[in-house]
Amino acid sequence: MVEPLPLSPPQFGCPIPVAPGVHWLRTPMPFALDHINLWLLEDGCDFTLVDTGLASEPTMAIWSELISKWGGERTLRQLICTHFHPDHAGLAGWLVERLGPRFHMSREEWLTANLHRLDVGDEAYRGAERFYHCVGIPAERRPEITSAFFGYAERVRSLPRSFQRIRDGDRIEINGEPWEAIVTLGHAPEHVCLFNPRHKILISGDQVLPKITTNVSVGPWEPRANPLGMFLDALDSLRRLPADVTVLPSHGMPFKGLHARINQLQAHHDERLSSLRDGLVQPTTVLASLPLLFKRQFAPHDERFALGEALAHLNLLLARGQAVREESDDGVWRYRRV
Ligand SMILES: [Zn+2]
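Residues numbered from 1 in each chain as written. Predicted model: local features only at pLDDT ≥ 70, side-chain atom pairs only at ≥ 80, totals over all residues. Heavy atoms only, no water.

**Notes on the overall build of the protein chain**
Selection rule: Runs of E in the DSSP output that reach at least two residues are strands. Runs of H or I that reach at least four are helices, and both are numbered from the N terminus. With the radius of gyration taken over C-alpha atoms, the globule rule is written as 2.2 Å times the number of residues to the power 0.38. Three exposure classes are used, based on accessible area relative to the maximum for each residue type with a 1.4 Å probe and protein chains only: buried under 20%, partly exposed in between, and exposed over 50%. What makes two residues a contact is simply this: any of their non-hydrogen atoms within 4.5 Å. Surface accessibility in these figures is a Shrake-Rupley result with a 1.4 Å probe; residues are shielded only by whichever protein chains are displayed. We treat Lys and Arg as the positive residues and Asp and Glu as the negative residues; His and chain ends play no part in the count. Charged groups are reduced to one reference atom each: NZ for lysine, CZ for arginine, CG for aspartic acid, CD for glutamic acid.
Scanning the protein chain from N- to C-terminus turns up eleven helices and 16 strands. On C-alpha atoms alone, the protein chain measures out to a radius of gyration of 20 Å, which is about the 20 Å that the 2.2 N^0.38 rule sets for 338 residues. For the protein chain, the C-alpha atoms occupy an extent of roughly 65 × 45 × 30 Å along the three principal directions. Taken over 338 residues, the protein chain has a buried fraction of 54%. Within the protein chain, counting contacts between residues at least 6 apart in sequence, those at least 24 apart form 64% of the total. Here the protein chain has roughly 15,100 Å² of accessible surface; of this, 51% comes from carbon and sulfur atoms. A distance of 2 Å separates the average location of the 36 positive side-chain charges in the protein chain from that of its 41 negative side-chain charges.

**Focus: the pairing of strand β2 (residues 16–19)**
Inclusion rule: Pairs of strands are assigned from DSSP output, requiring at least two bridges between the strands.
Bridging between β2 and strand β3 (residues 22–28) involves three bridges; their strand directions are antiparallel. Paired with Pro17 across the two strands is His23, which belongs to β3. Counting the residues that bridge the hairpin from β2 to β3 gives two residues, and of these Gly21 lies at a positive phi of roughly 75 degrees.

**Re the coordination of the zinc ion**
Formally: Note on donors: an N, O or S atom is included if it sits within 2.8 Å of the metal, or within 3.2 Å for Na, K and Ca, and water is never included, so sites can look incomplete. Irregular is the default label, applied whenever a site is not tetrahedral (four donors, all angles between 85 and 135 degrees) and neither square planar nor octahedral (four or six donors, opposite donors over 155 degrees apart, all other angles between 65 and 115).
Listed as protein donors to the zinc ion are His83 (NE2), His85 (ND1), His187 (NE2) and Asp206 (OD); their distances from the metal cover 2.1 to 2.2 Å. Its four donor atoms give the zinc ion angles of 88 to 177 degrees at the centre, a pattern that matches the irregular case. Along the chain, the residues that donate to the zinc ion are spaced as H-x1-H-x101-H-x18-D. Highlighted residues: His83 in the loop between β6 (76–80) and α2 (86–89) and His187 in the loop between β10 (177–184) and β11 (191–196), separated in sequence by 104 residues. Each member of the pair, His83 together with His187, is buried.

**So, the side chain of Thr146**
Structurally, Thr146 is set in helix α6 (residues 142–148). Owing to a relative accessible area of 0%, Thr146 belongs among the buried residues under this scheme. Residues contacting Thr146, with those up to four places away along its chain left out, are Tyr125, Ala128, Glu129 and Tyr132.

**Some details on the nonpolar core**
This is how the line gets drawn: As used in this record, nonpolar core signifies buried Ala, Val, Leu, Ile, Met, Phe, Trp, Tyr and Cys residues forming a set joined through side-chain atoms within 4.5 Å.
Residues Val135, Leu202, Leu258 and Leu307 are the most contacted members of the largest nonpolar core, which totals 49 residues. Secondary structure elements with two or more residues in this core: α5 (122–134), β11, α8 (227–237), α9 (258–279), α10 (286–293), α11 (300–319) and β16 (333–337). Counting residues in hydrophobic clusters, the runner-up holds 33 residues, among them Leu38, Leu54, Met60 and Trp94.

**A short note on the pattern of salt bridges**
Basically, it comes down to this: Only one rule defines a salt bridge in this text: a Lys or Arg side-chain nitrogen within 4 Å of an Asp or Glu carboxyl oxygen.
In this structure the tally under the stated criterion is 14 salt bridges. Between Glu177 and Arg198 there is a salt bridge, and its shortest N-O distance comes to 2.6 Å. Of the two residues, Glu177 sits in strand β10 while Arg198 sits in the loop between β11 and β12 (201–205), which places them 21 residues apart along the sequence. In this structure Arg198 comes out as exposed when scored by relative accessible area, which is 63%.

**Side note on the sheet that holds strand β13 (residues 246–249)**
Across the sheet, seven strands lie side by side as β1-β14-β13-β12-β11-β10-β9; this open sheet has mixed pairing. Edge positions in the sheet fall to β1 (3–4) and β9 (171–174), since each of these pairs with one other strand and no more. Pairing of β10 with β11 involves five bridges; the strand directions are antiparallel. Following the sheet pairing, Thr184 is matched in β11 by His191.

**Re the sheet that holds strand β8 (residues 164–166)**
What counts here: Only the stretch in contact is used when fitting a helix axis, every axis being a line fitted to C-alpha atoms; angles between N-to-C directions are given from 0 to 180 degrees.
Strands sit in the order β2-β3-β4-β5-β6-β7-β8 across an open sheet of seven strands; the sheet is mixed. Two strands bound the open sheet, and with one partner strand each, they are β2 and β8. The mean inter-strand angle of the sheet, taken between neighbouring strand axes irrespective of direction, is 30 degrees. Bridge count between strand β7 (residues 102–106) and β8: three bridges; the pairing is parallel. Its bridge partner lying in β8, His104 is registered against Gln164. Set on the sheet, helix α3 (residues 92–99) makes contact with β5 (46–50), β6 and β7; between it and β6 the angle comes to about 165 degrees. Each of β7 and β8 touches helix α4 (residues 107–118); the most contacted strand, β7, lies at about 95 degrees to it.

**Focus on α9**
Defined as follows: Take the number of residues in a helix, subtract one, and multiply by 1.5 Å to get its expected span. The directions from the helix axis to the C-beta atoms are what the arc is built from.
Taking 1.5 Å per residue as the helical rise, α9 with its 22 residues ought to reach 32 Å, and the 32 Å between its terminal C-alpha atoms agrees with that figure. Those residues of α9 not exposed but buried are Leu258, Arg261, Ile262, Leu265, Gln266, His269, Arg272, Leu273 and Leu276. Around the axis of α9, the buried residues are gathered within 130 degrees of arc, so they sit on the same side. In this fold, the buried residues of α9 make contact with β12, α8, β13, β14 (255–256), α10 and α11.

**Remarks on unusual backbone geometry**
Although it is not a glycine, Asp51 adopts a positive phi angle of roughly 70 degrees. Within the fold, Asp51 resides in the loop between β5 and α1 (57–70). You will see that Asn175, though not glycine, has its phi angle at about 55 degrees, which is positive. Among the structural elements, Asn175 can be located in the loop between β9 and β10.

This is the structure in structure tokens:
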């Protein structure tokens, strides 16, 4: 059973204790998903912070107020970002400049964050536009969806100029206790979860969420990637953690019942993969496959994510030999079941 902890979520900017030595902080987001959970871990007389929130005025105001409440008596000793997405790393540069914590990230996340900030010229634009042609977006709608791909630099204004690399299995000492880094691939290139074996706490980032399913997406840089296969393998690998672990996710409520949630997520993707496969009777573009996976229509901003997710499912069907991709003279990819 998936059981939320018996707590009310904290007000934005007002941390509450959630597990031994761990405080739960929420900051706002201006999307349908309206918040992110951040974790302040007691570390001596200071804190280690996991993830930063968006680089937005409201989140910066929350941080300024918290820092002034600490009154110079506490600071951030370490900052750990689970992955490069703007809600997780948006203020990494800003916080490191202000408070000087040691900054930890996996190397692929660090490189990807930098690449997203730097790879914004004409060539990058043409590459992305070509990708949206291949997935079936008609010419007149391509500029809008292509431009949306390049919003990262505005959302992550600065990054720390150096970092300490996290690798799978590393132990990061926080408050004298080792937290094990568990790298889970699929949602982001080298996403990191953190596990405290003594108190049985898993900071799961976006890898395991209690209510919504994690976005697993294929994009212009690596159109043949199979991140959904990696994501499902990573979920499976988390079964080695104790059944009664407390899961602290980046969105939604902290909960118990990791193994039950893994079962639900695997069943969800199995179901979607088979309905997608069943629908690929005729050669179908990625765009035309969306109704086979999603019941709703998408606004242009969300359509980009939906396309990425659909392609992730299609590429997994290819990897399993359940579908083939046909490339016709127009360069558009079409998928058919086998
Ligand atoms: Zn994410």
